[in-house]
Amino acid sequence: MGTASRDGKPGQGSGNGRGKPARKGGTGQHGAKRKPHRKGAQPDAATGRVRLNNAKPARKQVADQTGDGATYISDGMRLQKVLAAAGVASRRGAEEMIAAGRVEVDGEIVVEQGLRIDPNTAIIKVDGARVVIDESKQYLALNKPKGWQSTMSDEQGRPCIGDLVSERVMAGQRLFHVGRLDADTEGLILLTNDGELAHRLMHPSFEVPKTYLATVRGQVPRGLGRVLRKGVTLDDGPASVDDFAVLELHEGRSLVRLILHEGRKHIVRRLLAEVGFPVQSLVRTDIGPIALGRQRPGSMRVLDSKEVGELYKAVRM
Ligand code: URA
């Protein structure tokens with residue numbers, strides 16, 4: 001079933017027939033060209049696209065399925081309320097976003113206030129990034145401490161991230177971690193129960209960049225970045241970084257930052273060892289658009305709706 005509705009069902013005679021256009025052309029969720037809805041345009045029976053209007057619905061109006069997506073229902077939730085409930089902005093702020101043409105529903109930009117949608121099925125985007133309405137979905141950022149296993153349980157009784165989320169798990173949340181870090185590595189791990197997002201974040205084809213800070217012994221030479229960007233050969237094949245920078249040279253050590261989008265085991269340690277600079281300490285600071293920021297080791301935070309939207313965007317969801 002589709003998702004969007006107006007206060008009235010266009011062309012059904014429930015209003016005064018002077019319904020206003022609600023949406024501007026938008027980019028379809030699968031990249032389809034945006035279809036502009038001109039003021040006064042009539043429903044297009046051929047495409048199934050029906051111009052939305054604001055006419056008041058009959059009290060118990062039923063859903064009207066159109067040909068290619070949009071469904072008009074009477075008892076939907078107002079878009080600005082949905083956006084506010086999702087934490088995108090205050091209701092007033094959401095209205096301003098709508099008026100500014102920043103909000104898309106099911107592939108079309110909505111510029112008029114009052115659109116009623118089914119929050120369970122509508123695909124809403126703000127500035128092209130998905131707004132996740134599903135309250136059952138959890139998105140957490142954890143700073144895994146050094147010395148902890150990246151697992152939900154450990155047979156040998158070693159500390160693991162499952163210990164850090166045990167209260168949530170006991171409360172019924174089915175969380176899993178997105179990828180792993182070595183026990184010796186500190187830093188950002190995402191936890192979620194959103195399987196498709198997790199799968200895409202881990203899949204190399206989506207090329208989500210991860211940023212690491214590594215401390216190595218010695219002074220790294222100029223030109224090391226060029227070598228690493230070009231790539232080196234490891235036991236299991238070639239590997240390269242997307243970006244490399246020397247941040248500090250201090251007391252016989254170098255602090256370097258690497259950005260790479262692959263997730264092979266011990267990849268950063270192996271890369272740096274291969275070029276003669278074994279890692280002394282390693283921290284992952286970013287996964288795509290999500291930054292560890294000032295989060296302390298062992299601490300966890302809930303991602304805000306903007307961050308979740310950016311994650312979705314990063315993996316083309
Ligand atoms: N590369 C490593 O060497 N270790 C990690 O934990 C992550 C990336």
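Summary of the structure given here. A quick note: this is a predicted structure, and the numbers were derived from the prediction, not measured. (Residues numbered from 1 in each chain as written. Predicted model: local features only at pLDDT ≥ 70, side-chain atom pairs only at ≥ 80, totals over all residues. Heavy atoms only, no water.)

What about the overall build of the protein?
1) Next: Each helix and strand counted, the protein has eight helices and 21 strands in total.
2) Next: Looking at the protein residue by residue over its 317 residues, the buried ones come to 46%.
3) Next: For the protein, contacts bridging at least 24 residues in sequence account for 65% of all contacts bridging at least 6.
4) Next: Carbon and sulfur atoms make up 48% of the accessible area of the protein, which totals about 16,500 Å². (Helix = DSSP H or I, 4+ residues; strand = E, 2+ residues; numbered from the N terminus. Buried < 20%, exposed > 50% of the residue type's maximum accessible area, 1.4 Å probe, protein only. Contact = heavy atoms within 4.5 Å. Areas by Shrake-Rupley, 256 points an atom, 1.4 Å probe, with all protein chains shown as cover.)

Regarding the pairing of strand β13 (residues 186–192)
1) Next: Burial of β13 is extensive: six of the seven residues sit out of reach of the surface.
2) Next: Inspection of the sheet shows strand β11 (residues 139–144) paired to β13 by six bridges, in the antiparallel sense. If you follow Tyr-139 over to β13, its bridge partner there is Thr-192.
3) Next: Across two bridges, the pairing between β13 and strand β19 (residues 279–287) is parallel. Note on β19: the bridge partner recorded for Glu-186 is Val-283. (Pairing = 2+ DSSP bridges.)

A few points about the nonpolar core
1) Next: If you look at the biggest cluster of nonpolar residues, it comprises 30 residues, and the most contacted ones within it are Leu-228, Phe-244, Leu-258, Val-268, Leu-271 and Leu-272.
2) Next: At the level of elements, β11, β13, β14 (210–217), α6 (224–230), β15 (232–234), β18 (253–260), α7 (267–274) and β19 are the ones that each hand at least two residues to this core.
3) Next: Broken down by element, the residue count for this core peaks at four residues, all from α7.
4) Next: Setting aside residues up to four positions removed in sequence, Leu-258 forms contacts with Lys-210, Thr-211, Tyr-212, Ala-214, Val-241, Asp-243, Phe-244, Val-268 and Leu-272.
5) Next: Grouped together as the second largest cluster of nonpolar side chains are 19 residues, Leu-190, Val-208, Ile-287 and Leu-311 included. (Core = buried A, V, L, I, M, F, W, Y, C linked by side-chain atoms within 4.5 Å.)

A short note on the site of the ligand
1) Next: The local shell around the ligand consists of Leu-181, Asp-182, Thr-185, Tyr-212, His-266, Ile-267, Val-268, Arg-269 and Leu-282.
2) Next: Between the ligand and the protein, one listed contact pairs an oxygen atom with a side-chain N or O atom of Thr-185 at 3.2 Å.
3) Next: Take Val-268: an N or O atom from its main chain is 3.1 Å from a nitrogen atom of the ligand.
4) Next: Here the ligand, which alone exposes 230 Å², has 96% of that area covered by the protein.
5) Next: For the shell around the ligand, the element with the most residues is α7, which contributes three residues.
6) Next: Of the residues belonging to the shell around the ligand, the class tally is five nonpolar, two polar and two charged. (Near = heavy atom within 4 Å. Polar contact = N/O pair within 3.5 Å; in protein donor to acceptor, adjacent residues only side chain to side chain. Nonpolar A, V, L, I, M, F, W, Y, C, P; charged D, E, K, R; others polar.)

Focus on unusual backbone geometry
1) Next: Not every positive phi belongs to a glycine, and Glu-207 is a case in point at roughly 50°.
2) Next: The topology assignment puts Glu-207 in the loop between α5 (195–202) and β14.
3) Next: Of note in the backbone geometry, Arg-316 takes a positive phi value of approximately 55° without being a glycine.
4) Next: If you trace the backbone, Arg-316 turns up in the segment after α8 (305–314).

Things to note about the environment of Val-208
1) Next: Its place among the elements puts Val-208 in the loop between α5 and β14.
2) Next: On the accessibility criterion, Val-208 (2% relative accessible area) is buried.
3) Next: Separated by 52 residues in sequence, Val-208 and Leu-260 place their C-alpha atoms 8.2 Å apart.
4) Next: When residues no more than four places from it in sequence are discounted, the contact partners of Val-208 are Leu-201, Leu-260, His-261, Ile-287, Gly-288, Ala-314 and Val-315.

Some points on helix α2 (residues 91–99)
An α-helical turn contains 3.6 residues, so a residue and the one three or four places further along point in the same direction.
1) Next: Among all positions of α2, only Gly-93, Ala-94, Met-97 and Ile-98 are buried. Taken end-on, α2 shows its buried residues confined to a sector of 140°, consistent with a single buried face. Within α2, the exposed residues directed more than 90 degrees away from the buried face are Arg-92 and Ala-99.
2) Next: Buried positions along α2 lie against α1 (79–85), β6 (103–105), β7 (108–110) and β9 (124–126).
3) Next: Gly-101 sits one or two residues past α2 and shows a positive phi near 75°. (Arc of directions from axis to C-beta.)

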